[in-house]
Amino acid sequence: MTQALHIGLIGDYQPEVKAHQAIPRALALAGADLGVAVEPVWLATPRLEGDVEELLAGFDALWAVPATPYDSMEGALNAIRYAREQRLPFLGTCGGFQHAIIEFARNVLLLSEADHAETNPDGSALIIATLSCSLVEVERGVRLLPGTRIAAMFGKTETVEGYHCNYGLNPAYQVQLEQAGMKISGFDTAGDPRTFELAGHPFFFGTLFQPERSAFKGVAHPLIRAFLKAAKASQEPSDNKQQPDKTRINKIRSKPRAV
């Protein structure tokens, strides 16, 4: 019998947030499509401050979820860094996309002042800036670059996706990010960055749009399906991979909530 996939959700659960309602459903839909059980676990960001290795070692993948500012940016960035450095499958959507870029800028580009306009509007290096046009509760076309991994997952180079955000990548930093290995792989019709993928990592992707919203239509999203396939692959035993500790995961699992 296939072992259930343990997916850590980096974020502070809010029952009224549509993305938080959608994510467990989206995981269940993609899991059913793949024939695997999925057990999502909410990871409140203040719990991720400091050393996160023991807390996160048992997860098969991590998803940095929408609804920011996070209660602890430090906690969110710590967990994202863990996924990047430990080569654990990672997906960041909306606010998760934004914070994955900040983490990469701070720890790979060594741009220590990299910051977010939402929480530090007067920052000296706002790698996440206010969008010129709000994307709250809208759907927009996205062009995926041919030959990218994300285009292969979609099986096409154009898609229409839903958003709920006011912040995105500051294009002034795009060249620096790409030179360091973070490929901007999808753009809106105006040419603004909307997706990234990390070279050399088994699965490290971010989207400014919210693919989880496909769950409201009862559809398994191709990116989430690919995310779970990568999580399943990460379960394969290896000499340097710590195997899931179900007891520890059960201890940190949030109390059941209606979503």
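Up top is the structure these notes are about.
Reading the values: rules and limits
- Residues numbered from 1 in each chain as written.
- Predicted model: local features only at pLDDT ≥ 70, side-chain atom pairs only at ≥ 80, totals over all residues.
- Heavy atoms only, no water.
- Disulfide = S-S within 2.5 Å.
- Helix = DSSP H or I, 4+ residues; strand = E, 2+ residues; numbered from the N terminus.
- Buried < 20%, exposed > 50% of the residue type's maximum accessible area, 1.4 Å probe, protein only.
- Lys, Arg positive; Asp, Glu negative; His and termini not counted.
- Salt bridge = Lys/Arg side-chain N within 4 Å of Asp/Glu carboxyl O.
- Polar contact = N/O pair within 3.5 Å; in protein donor to acceptor, adjacent residues only side chain to side chain.
- Contact = heavy atoms within 4.5 Å.
- Phe/Tyr/Trp six-rings, centres within 6.5 Å; stacked < 30°, edge-to-face > 60°.

> So what's going on with the state of the cysteines? Which residues, and what values?
Throughout this description, disulfide means a covalent bond between two cysteine sulfur atoms. Throughout the structure, instances matching the rule amount to 0 disulfides. Free of any disulfide, Cys165 has its nearest neighbouring cysteine sulfur in Cys94, separated by 4.6 Å.

> Tell me about the side chain of Glu161, and please be specific about residues and values.
Of note, Glu161 is situated in strand E7 (residues 158–169). For the buried Glu161, which has no salt bridge, the nearest side chain bearing the opposite charge is Lys156, at an N-O separation of 6.6 Å. Only 2.7 Å separates the side chain of Glu161 from the side chain of Thr159, close enough to count as a polar contact. Polar side-chain contacts of Glu161 include one of 3.2 Å to the side chain of His221. Discounting chain neighbours no more than four positions away, the residues touching Glu161 are Val138, Glu139, Arg140, Val142, Phe154, Phe209, Pro211 and His221.

> Give me the lowdown on the packing of aromatic side chains, citing residues and values where you can.
Counted under the stated rule, the structure contains 8 aromatic pairs. Between the aromatic rings of Phe196 and Phe204, the centroid separation amounts to 6.1 Å while the plane-to-plane angle is 35 degrees, which identifies the pairing as tilted. The buried category is assigned to Phe204, whose relative accessible area is 1%. Judged by centre distance (4.5 Å) and plane angle (50 degrees), the rings of Phe203 and Phe205 are tilted. On the accessibility criterion, Phe205 (0% relative accessible area) is buried. Pairwise contacts between aromatic rings join Trp63, Phe203, Phe205 and Phe227 into one cluster.

> Any details on the environment of Trp42? Residues and values, ideally.
Of note, Trp42 is situated in strand E2 (residues 38–43). Sequence separation of Trp42 and Asp60 is 18 residues, and the distance between their C-alpha atoms is 14 Å.

> Please set out the pattern of salt bridges residue by residue, giving values where relevant.
Tallied over the full model, the rule gives 10 salt bridges. We note a salt bridge from Arg84 to Glu85, for which the minimum N-O separation is 3.7 Å. Judged by relative accessible area, which is 14%, Arg84 ranks as buried. Arg194 is the salt-bridge partner of Asp188, the closest N and O atoms lying 3.1 Å from each other. A single salt-bridge network, built from bridges that share partners, covers Arg81, Arg84, Glu85 and Glu103.

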